[in-house]
Amino acid sequence: MHEERYINSEIIPILEERDVVICRQACREWARRIGFNLVDQTRITTAASELARNIHEYAGAGEVIIQEVEDETRRGIKITFQDQGPGLDDVEEAMKEGYTSHKGMGMGLPGSKKLMDEFYIQSEPEKGTSVTIYKWLPI
Amino acid sequence: MVKKRPSLASRRESVIQRIPILKIRNYLIIPIQIDLDDLSAAQLQKDILQKIDKTGAQGVIIDVSVVEMIDSYLGRILGETARMAALMDAKVVLCGMQPAVAITLVELGLSLEGVHSALNLEGAITMMENILGE
Ligand SMILES: Nc1ncnc2c1ncn2[C@@H]1O[C@H](COP(=O)(O)OP(=O)(O)OP(=O)(O)O)[C@@H](O)[C@H]1O
Ligand SMILES: [Mg+2]
């Protein structure tokens, strides 16, 4: 992966339902401050809402780390959603559109991947899940 | 610099926020003016259906002009509300969706099929009165 430098960070705990709203509002605020246009702000906010909700719904609790990031050529936002919940048995299956273990629409993971520039998911059963997304400012 | 913000949980309990539902002639107008958490969105759906039942309203206009994002949950609630309202013989018109929200919704893979939409509240009212044949 690229050499990254973090300019600023914020950590948002997800402990209850309302924290999903707090998290997506914070992500929008960061996106706006970093300089993303309105459509990108909305993409980032929506992806954050999906992934924070997954933490709340499937792991019960976790945290979200928002970072302003730059590498040699670009500046952008990196958001990490991590929990110590039940994890996923089959990541590939979970990334498929329409796959849901509950009664969702199976849209959160594949949808937020589509909205962002980079998307990484790591998960281990019984250990937890970590999803990292990036959006870069257009050069 | 790393800021850590205290969770809301420690500051106050989750409170369900209620959205006012206005009745004009034979339809309802619902301006969504806050960032709805999931519980409040589910409550809104319940409130709308109850109000249709109680008043016999034949239409529902949901104004989303200040809504800054519609994710899979809110999208599902809106679509479901329209389908349930249809079962009660009421039409749903969504109005004022911001272009950025509409673009994101499509990219996310969500379609609000079965939901009529209008550019703004005025357009929605005209559409509603046409649908209801006034
Ligand atoms: N943090 C997590 N921990 C454990 N399991 C998860 C986590 N996030 C997602 N999953 C699993 O992956 C599945 C797919 O998630 P995704 O967000 O794509 O859809 P959904 O949550 O089921 O429905 P939607 O998001 O459309 O309401 C979930 O049903 C759940 O089983
Ligand atoms: Mg989900």
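Participant: Could you clarify how one ought to interpret empty space enclosed by the protein in this entry?
Facilitator: For the structure shown, the criterion picks out one cavity of 30 Å³ or more. Forming the boundary of the largest cavity are A:Arg24, A:Arg53, B:Leu36, B:Asp37, B:Asp38, B:Ala41, B:Met69, B:Asp71, B:Tyr73 and B:Leu74.

Participant: I'm lost on the environment of A:Arg28 in this one. Help?
Facilitator: Tracing the backbone through its elements, the reader meets A:Arg28 in helix α1 (residues 17-34). Note: C-alpha distance between A:Arg28 and A:Leu115 (87 residues apart in sequence) is 14 Å. Once residues within four sequence positions are removed from consideration, A:Arg28 is found in contact with A:Leu38, A:Gln41, A:Thr42, A:Thr45 and B:Glu68.

Participant: Just checking my understanding: could you explain the site of ligand 1 for this structure?
Facilitator: Around ligand 1, a shell composed of 20 residues is seen, among which A:Asn54, A:Tyr58, A:Thr100, A:Ser101 and A:Met107 lie nearest. More than one chain lines the surroundings of ligand 1; the residues nearby belong to chains A and B. One nitrogen or oxygen atom from the side chain of A:Ser101 is found 2.5 Å from an oxygen atom belonging to ligand 1. For ligand 1, whose unbound accessible area comes to 600 Å², protein coverage reaches 95%. Of the pockets mapped on this structure, ligand 1 occupies the largest pocket. Mapped onto the shell around ligand 1, the elements with two or more residues apiece are α2 (38-59) and α4 (108-115) of chain A together with α3 (72-87) of chain B.

Participant: Looking at this structure, how should I read helix α4 (residues 99-108) of chain B?
Facilitator: Because the α-helix completes a turn every 3.6 residues, residues three or four places apart line up on one side. For α4(B), every residue scored as buried is listed here: B:Ala100, B:Val101, B:Thr104, B:Leu105 and B:Leu108. Take α4(B) and look down its axis: the buried residues cluster within an arc of 135°, on one side only. Relative to its buried face, α4(B) has exposed residues pointing more than 90 degrees away, namely B:Pro99 and B:Val106. Among the structural elements, α2 and α4 of chain A together with α3 of chain B are those in contact with the buried residues of α4(B).

Participant: Would you take a moment to explain the layout of surface pockets for this structure?
Facilitator: Taking a probe equal in size to a water molecule and rolling it over the atoms shows the remaining empty space. Looking at the largest pocket, its volume works out to about 910 Å³. Of all the secondary-structure elements, those providing two or more residues to the lining of the largest pocket are α2, β3 (75-83), α4 and β5 (128-136) of chain A together with α3 of chain B. The greatest single-element share of the lining of the largest pocket, amounting to eight residues, is contributed by α2(A). Class assignment for the residues of the lining of the largest pocket results in 17 nonpolar, 12 polar and nine charged. If you add up the space inside the second largest pocket, you get close to 180 Å³. The biggest single contributor to the lining of the second largest pocket is α1(A), with four residues.

Rules and cut-offs
Residues numbered from 1 in each chain as written. Chains lettered and ligands numbered in written order. Predicted model: local features only at pLDDT ≥ 70, side-chain atom pairs only at ≥ 80, totals over all residues. Heavy atoms only, no water. 1 Å grid on protein atoms, 1.4 Å probe; cavity = no way out; pocket = protein on both sides within 12 Å on 5 of 7 lines; lining within 4 Å. Points joined across faces, edges and corners; volume = space filled by probe spheres on them. Helix = DSSP H or I, 4+ residues; strand = E, 2+ residues; numbered from the N terminus. Contact = heavy atoms within 4.5 Å. Near = heavy atom within 4 Å. Polar contact = N/O pair within 3.5 Å; in protein donor to acceptor, adjacent residues only side chain to side chain. Areas by Shrake-Rupley, 256 points an atom, 1.4 Å probe, with all protein chains shown as cover. Sits in = over half its atoms within 2 Å of the grid points. Buried < 20%, exposed > 50% of the residue type's maximum accessible area, 1.4 Å probe, protein only. Arc of directions from axis to C-beta. Nonpolar A, V, L, I, M, F, W, Y, C, P; charged D, E, K, R; others polar.

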